[in-house]
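Each chain is listed here by its residues.
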Amino acid sequence: MSDTSRAEADDASVIGRSRHEPEAFAEIFRRHAPDIKRYVTRRLGGDAAEDVVAETFLAAFSRRHAYDLARPNARPWLYGIATNLMGRHVRTEVRYLRALRRTGADPVTAAFTDRSDERLTAEASGPRLAAALAAMPKGRRDALLLVAWEGLSYPEVARALGVRVGTVRSRINRAKAQLRRELGGTDVMAIVSEEPVHE
């Protein structure tokens, strides 16, 4: 594979090039900003999402020299940055989930119907699930939603959150158990794959 086609094929090549040609980093934004924005919007609502997405890519740009070029896909790295930045907005997220519980309407679903969010979208508009997510500890909620909404594999979630794969498994298992308890045994997680296989 030539350097040119490799640069077009993976994020690591683009990030590596951006270390000497900063304008090349715009390609990382073009590739991943829509997914990051959808994820943040679903968790915080539209008002906070714009700021968090902008901060995510500014932080990624400033940290591009530390990016591990052995990792061709920057998605876990970017989701990790976004998730860490959302930590400043935990109260906003819980308020947003409580509002979703009251209204039962997921304002993001209509805006992002071009992606297949069927895994959790049907239940995400359910007030009981919103309440259960609001009551869930942040670490469990982060791991669960990165798998359920964004389709990251367990190893990708581990990289995104800076934890071990075993910790991700534990958090997701506990999140599933908590959802089953709080939703009266309803198997909401049946629509979430046991463990995504892509890596």
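Residues numbered from 1 in each chain as written. Predicted model: local features only at pLDDT ≥ 70, side-chain atom pairs only at ≥ 80, totals over all residues. Heavy atoms only, no water.

Looking at the overall build of the chain
At step 1: Looking only at helices and strands, the chain features 12 helices and 0 strands.
At step 2: Order of helices (α) and strands (β) in the chain, N terminus to C terminus: α-α-α-α-α-α-α-α-α-α-α-α.
At step 3: For the chain, with 199 residues in total, the buried portion stands at 48%.
At step 4: A fraction of 70% describes how many contacts in the chain between residues 6 or more apart in sequence connect residues 24 or more apart.
At step 5: In the structure as shown, the chain presents an accessible area of about 9,700 Å², 52% of it carried by carbon and sulfur atoms. (Helix = DSSP H or I, 4+ residues; strand = E, 2+ residues; numbered from the N terminus. Buried < 20%, exposed > 50% of the residue type's maximum accessible area, 1.4 Å probe, protein only. Contact = heavy atoms within 4.5 Å. Areas by Shrake-Rupley, 256 points an atom, 1.4 Å probe, with all protein chains shown as cover.)

With respect to the packing of helix 2 (residues 11-18) against helix 3 (residues 26-44)
At step 1: Remark: helix 2 packs on helix 3, axes separated minimally by 9 Å, with the N-to-C direction vectors making an angle of 145°. Only E27, I28, R31 and H32 of helix 3 make contact with helix 2, whose side of the interface consists of D11, V14 and I15.
At step 2: Grouping the amino acids of the contact of helix 2 with helix 3 by side-chain chemistry returns 3 nonpolar, 1 polar and 3 charged. (Axes fitted to C-alpha atoms, helices over the stretch in contact; angles between N-to-C directions. Nonpolar A, V, L, I, M, F, W, Y, C, P; charged D, E, K, R; others polar.)

Thoughts on the nonpolar core
At step 1: If you look at the biggest cluster of nonpolar residues, it comprises 51 residues, and the most contacted ones within it are I36, V40, F57, W77, L78, L146 and V157.
At step 2: Each residue touching F57, except ones within four places of it in the same chain, is listed here: F25, I28, F29, H32, A33, I36 and L78. (Core = buried A, V, L, I, M, F, W, Y, C linked by side-chain atoms within 4.5 Å.)

Examining the environment of G162
At step 1: By the element assignment, G162 lies in the loop between helix 11 (154-161) and helix 12 (165-182).
At step 2: Looking at G162, the relative accessible area reads 64%, which means it is exposed.
At step 3: Considering only alpha carbons, one finds G162 and G80, 82 residues apart in sequence, at a separation of 7.7 Å.

Describing the side chain of Q178
At step 1: Checked against the element boundaries, Q178 lands in helix 12.
At step 2: Discounting chain neighbours no more than four positions away, the residues touching Q178 are A132, A135, M136, P137 and R140.

Topic: the pattern of salt bridges
At step 1: Applying the stated criterion across every chain, the model contains 10 salt bridges.
At step 2: Here R31 ties to E27 by a salt bridge, and the two come within 2.8 Å at their closest N and O atoms. Remark: E27 and R31 occur in helix 3; sequence separation between them is 4 residues, near one turn of the helix.
At step 3: Of the residues examined, R31 reaches a relative accessible area of 22% and is grouped as partly exposed.
At step 4: Ionic pairing is found between D68 and R71, a salt bridge with its closest N-O pair at 3.9 Å.
At step 5: Look at D68 and you get partly exposed, because its relative accessible area is 39%.
At step 6: Classification of R71 by relative accessible area gives partly exposed; the value is 37%. (Salt bridge = Lys/Arg side-chain N within 4 Å of Asp/Glu carboxyl O.)

Considerations on the packing of aromatic side chains
At step 1: All told, the structure shown has 4 aromatic pairs when counted by the stated rule.
At step 2: Between F29 and F57, the aromatic rings sit 4.9 Å apart at their centres with planes inclined by 75°, giving edge-to-face as the arrangement. Linking F29 in helix 3 with F57 in helix 4 (residues 46-62), this pair joins segments that are 28 residues apart in sequence.
At step 3: The ring of W149 has R42 lying over it, and the distance from NZ or CZ to the ring centre is 4.0 Å.
At step 4: The ring centre of F61 lies 3.9 Å from the NZ or CZ of R64, which sits over that ring. (Phe/Tyr/Trp six-rings, centres within 6.5 Å; stacked < 30°, edge-to-face > 60°. Lys NZ or Arg CZ within 6 Å of the ring centre and 35° of its normal.)

Let's talk about the confidence of the model for the chain
At step 1: When pLDDT is averaged along the chain, the result is 79; 71% of the residues meet or exceed 70.
At step 2: Of the regions scoring below 50 in pLDDT, residues 107-125 engages in 40 contacts with residues more than four places distant in sequence or in other chains. (pLDDT = per-residue confidence, 0-100.)

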